[in-house]
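# Breakdown of the fold
The lines below spell out each chain.
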Amino acid sequence: MLLENRVALITGAGRGIGRAIALAFAREGALAIVTGRDMARLAEVVDQVRAGGGKAEAFSLDVTNDVDAYHVVEQVMANWGTVDLLVNNAGVITYHTPVWETTMEQWDEVMNTNLRGMHLLCRAVAPHMISKGQGTIINIGSSSGRRAEGENGAYVASKWGVIGYTASLAQSLRPYGISVNGINPDWVDTDMARASHPEGDSDWITPEEVAEAALYLATKAPGLMSGQFIDMFES
């Protein structure tokens, strides 16, 4: 029970990586605050956590909406008095679109979700962590943030941004005892990946493997480790 009595807020938690992280954290005793836009999916995650003896609550959250972000964080603070862990997992991708062909609508959707959403949640949570003098933020990046790709251009740009944002945030929050790290997985077997490759691939990472990396960052990472990424792909 490495996360007993801790409160973990997870975005994009209705499926895939977010769901797996919520389940992993709850197994270690955390109260998993699962957020997303599909309340039916979130309810399934809550039921799954509780069936395993864990604790979870669901909140509707559009990460691109600053009012939503602050409202959810304030609700969590009002009910439980803390946000000990924040996992920024919500993300979208526009497949098979070179960056120069990306429409502004596609560009805005990807950047607003993958970068703006991350920033809004960090802005909302950081003051509460600072007041406690401790906290953990985990940002889900991608191998696309390390390796350039000819396609999926907006997604690649956003994930390179996630890495830079994480490094900068880590520097600014280090004096307050808050660690900020991330995970860069390669292809993960999720609905989002299968939207591009329905047949899947035996080499894909499972959401549970990403969750194990997140659990390491939340429980066992060295105290001085901040601004770093766990790269889950072959170089």
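Everything below is about the structure printed above this text.
Sequence order as written defines the numbering, with residues in each chain counted from 1. Where totals are concerned, whole chains, interfaces and linings use all residues; where local detail is concerned, this predicted model gives features only for residues with pLDDT of at least 70, and gives and counts side-chain atom pairs only at 80 or more. With hydrogens and water excluded, all non-hydrogen atoms of the structure serve as input to the side-chain values.

## Quick notes on the packing of aromatic side chains
Using the following cut-off: Only the six-membered ring of Trp is used, alongside the rings of Phe and Tyr, when aromatic pairs are assigned; centres must lie within 6.5 Å, and planes under 30 degrees apart are stacked while those over 60 apart are edge-to-face, with the rest tilted. Numbering goes from the N terminus for both helices and strands, where a helix is a DSSP run of H or I of at least four residues and a strand is a run of E of at least two. Exposure is judged per residue with a 1.4 Å probe applied to protein chains only, and the accessible area is read against the type maximum: over 50% gives exposed, under 20% gives buried, and values in between give partly exposed.
This model, assessed by the stated rule, comprises three aromatic pairs. Aromatic side chains Tyr95 and Trp187 sit 6.2 Å apart centroid to centroid with 5 degrees between the ring planes, which places their arrangement in the stacked category. Taken together, the residues Tyr95 in the loop between strand S4 (85-88) and helix H4 (104-132) and Trp187 in the loop between strand S6 (178-185) and helix H6 (191-194) connect sequence positions 92 residues apart. According to the relative accessible area criterion, Trp187 is partly exposed, its value standing at 30%. Ring geometry for Trp187 against Trp204: centres 5.6 Å apart, planes inclined by 10 degrees, an arrangement best described as stacked. Taken together, the residues span a long stretch of sequence, with Trp187 in the loop between S6 and H6 and Trp204 in the loop between H6 and helix H7 (207-219) at a distance of 17 residues. Members of the aromatic cluster, joined through ring pairs, are Tyr95, Trp187 and Trp204.

## With respect to the nonpolar core
Nonpolar side chains tend toward joint burial in soluble globular proteins. Stated precisely, the cut-off is as follows: The term nonpolar core refers to a set of buried residues drawn from Ala, Val, Leu, Ile, Met, Phe, Trp, Tyr and Cys, joined through side-chain atoms within 4.5 Å. Here a residue-residue contact requires only that any non-hydrogen atoms of the pair lie within 4.5 Å.
Ile10, Ile21, Phe25, Val34, Ile138 and Ile183 are the most contacted members of the largest nonpolar core, which totals 36 residues. Elements that contribute at least two residues to this core include exactly strand S1 (7-10), helix H1 (16-27), strand S2 (31-36), helix H2 (39-51), S4, strand S5 (135-140) and H7. Among the elements that take part in this core, H1 stands out by supplying eight residues, more than any other. The contacts of Ile21, once residues within four sequence positions are left out, are Ile10, Val87, Ile140, Ala211 and Ala214. Counting 31 residues, the second-largest nonpolar core is a separate cluster that includes Val7, Val63, Val83 and Leu173.

## Side note on unusual backbone geometry
Within the chain, Asn5 stands out as a residue other than glycine whose phi angle is a positive 70 degrees. Looking at the secondary structure, you find Asn5 in the segment before S1. Take Asn5: its relative accessible area is 62%, and that puts it in the exposed class. Positive phi, close to 55 degrees, is recorded for His96, a residue that is not glycine. Mapped onto the secondary structure, His96 falls in the loop between S4 and H4.

## Focus on the sheet that holds strand S7 (residues 229-232)
Definition in use: Any two strands between which DSSP finds at least two bridges are classified as paired. In this description, a line fitted to the C-alpha atoms serves as the axis of each element, helices being fitted only across the stretch in contact, and the angle between N-to-C directions of two axes falls anywhere from 0 to 180 degrees.
Strand order in the open sheet formed by seven strands is S3-S2-S1-S4-S5-S6-S7, with parallel pairing between adjacent strands. Among the strands making up the open sheet, the edge pair consists of strand S3 (55-60) and S7. Each strand of the sheet is rotated relative to its neighbour by a mean of 15 degrees, with strand direction disregarded. Two strands pair when backbone bridges link them, and S4 and S5 are joined in this way by four bridges, in the parallel orientation. Bridging from a neighbouring strand, Val87 pairs with Ile138 of S5. Along the sheet, H1 makes contact with S1, S2, S3, S4 and S5, crossing S1 at roughly 175 degrees. This element, H4, spans S1, S4, S5 and S6 of the sheet and lies at about 175 degrees to S4.

## Description of a negative patch on the surface
Note the following rule: Patch members must show over 30% relative accessible area and no salt bridge, and they are joined within 9 Å when carrying like charges or within 5 Å when they are nonpolar side chains of Val, Leu, Ile, Met, Phe, Trp or Tyr. Computed with a 1.4 Å probe, the accessible areas rest on the Shrake-Rupley method; for each residue, only the protein chains presented here act as cover. By salt bridge we mean one thing: a side-chain nitrogen of Lys or Arg within 4 Å of a carboxyl oxygen of Asp or Glu. Positive: Lys, Arg. Negative: Asp, Glu. His and the chain ends are not part of the count. Every charge is mapped onto a representative atom, which is NZ of Lys, CZ of Arg, CG of Asp or CD of Glu.
Judged by side-chain charge, Glu199, Asp201, Asp203 and Glu234 come together as a negatively charged surface patch. Mapped onto the elements, Asp201 comes out in the loop between H6 and H7.

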